[in-house]
Amino acid sequence: MDKSMLAGLESLPEADQQRMAAMMEQVQIRDSLRMYNSLVEKCFTDCVDTFKHKSLQKQEETCVKRCAEKFLKHSMRVGMRYAELNQGAPTQD
C-alpha cells in the first residue's frame with residue numbers, strides 16, 4: 001500500500017492505523033475486481049456472438065483484445081485525471 005495514502009492517519013494509534021490500512025487495501029481489491037468484472041462483461045457482450053464453438057473465433061479474439069486494451073487505457077486515463085484533480089484539491093488541515 002502506498003504510504004502517502006495513510007498520511008493523514010499519523011495521529012491515530014498504531015492499531016487503528018493498521019486497521020485503516022487493511023480496510024483501504026480491501027477497498028482497492030474490491031475496486032480492482034469490480035473493474036475486471038466490468039471489463040469481462042462489456043467485452044464478452046460486445047464481442048462474443050455465438051456459442052457454436054468451444055473456443056473463441058479469430059474475429060472474436062481480436063475484438064476482445066481490442067476491447068480490453070481500450071477499456072484499460074480509458075481506466076488509466078481516468079485514474080490519472082482523477083489524481084491530477086486531487087493534487088490541486090485543498091486539504092482539510
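Note on numbering: residues in each chain are counted from 1, in written sequence order. At least 70 in pLDDT is required for a residue's local features to be given in this predicted model, at least 80 for side-chain atom pairs to be given and counted, and no such filter applies to totals for whole chains, interfaces and linings, which use all residues. Only hydrogens and water are set aside when side-chain values are computed; all heavy atoms of the structure are taken into account.

Put simply, the rule is: UniProt positions are given in the numbering used here, feature names are shortened, and annotations may be inferred rather than shown by experiment.
Under an unreviewed UniProt entry, the name given to the chain is Mitochondrial import inner membrane translocase subunit, and the source organism is Stylosanthes scabra. In its Subunit (unreviewed entry) section, UniProt records this for the chain: "Heterohexamer." Per UniProt, the comment on the chain under Subcellular location (unreviewed entry) is "Mitochondrion inner membrane".

## Details of the overall build of the chain
As a reminder of what qualifies: Helix and strand assignments follow DSSP, with helices taken as H or I runs no shorter than four residues and strands as E runs no shorter than two, numbered in order from the N terminus. Contacts are assigned to residue pairs with any non-hydrogen atoms lying within 4.5 Å of each other. All accessible-area figures derive from a Shrake-Rupley calculation using a 1.4 Å probe, and residue coverage is judged against the displayed protein chains alone.
From N to C terminus, the chain includes two helices and zero strands. Of the contacts formed within the chain by residues at least 6 apart in sequence, a portion of 37% connects residues at least 24 apart. Total accessible area computed for the chain in this model is approximately 8300 Å², and 57% of it derives from carbon and sulfur atoms.

## Some points on the state of the cysteines
Here is the rule: Here, the term disulfide refers to a pair of cysteine sulfur atoms separated by no more than 2.5 Å. Exposed residues in this analysis have more than 50% of their type's maximum accessible area, buried residues have under 20%, and partly exposed residues fall in between, with area computed by a 1.4 Å probe over protein chains only.
Summed over all chains, the structure comprises two disulfides. Across the disulfide from C43 sits C67; the S-S distance is 2.1 Å. Measuring the twist about the S-S bond at about -90°, one finds the C43-C67 disulfide to be left-handed. Of this pair, C43 sits in helix α1 (residues 14-47) while C67 is found in helix α2 (residues 58-87), placing the two residues 24 residues apart along the sequence. Taking the relative accessible area as the measure of exposure, C43 reaches 3% and is therefore buried. Assessed through its relative accessible area of 13%, C67 is described here as buried. The cystine pairing of the chain, numbering bonded cysteines in sequence order, is 1-4, 2-3.

## Observations concerning a nonpolar patch on the surface
Going by this rule: Patches draw on residues past 30% relative accessible area with no salt bridge. Two like charges within 9 Å are joined, as are two nonpolar side chains (Val, Leu, Ile, Met, Phe, Trp, Tyr) within 5 Å. Salt-bridge detection follows one rule: a side-chain nitrogen of Lys or Arg within 4 Å of a carboxyl oxygen of Asp or Glu.
The grouping of Y36, V40, F44 and F51 at the surface amounts to a nonpolar patch, some 470 Å² of accessible area in total. Within the secondary structure layout, F51 lies in the loop between α1 and α2.

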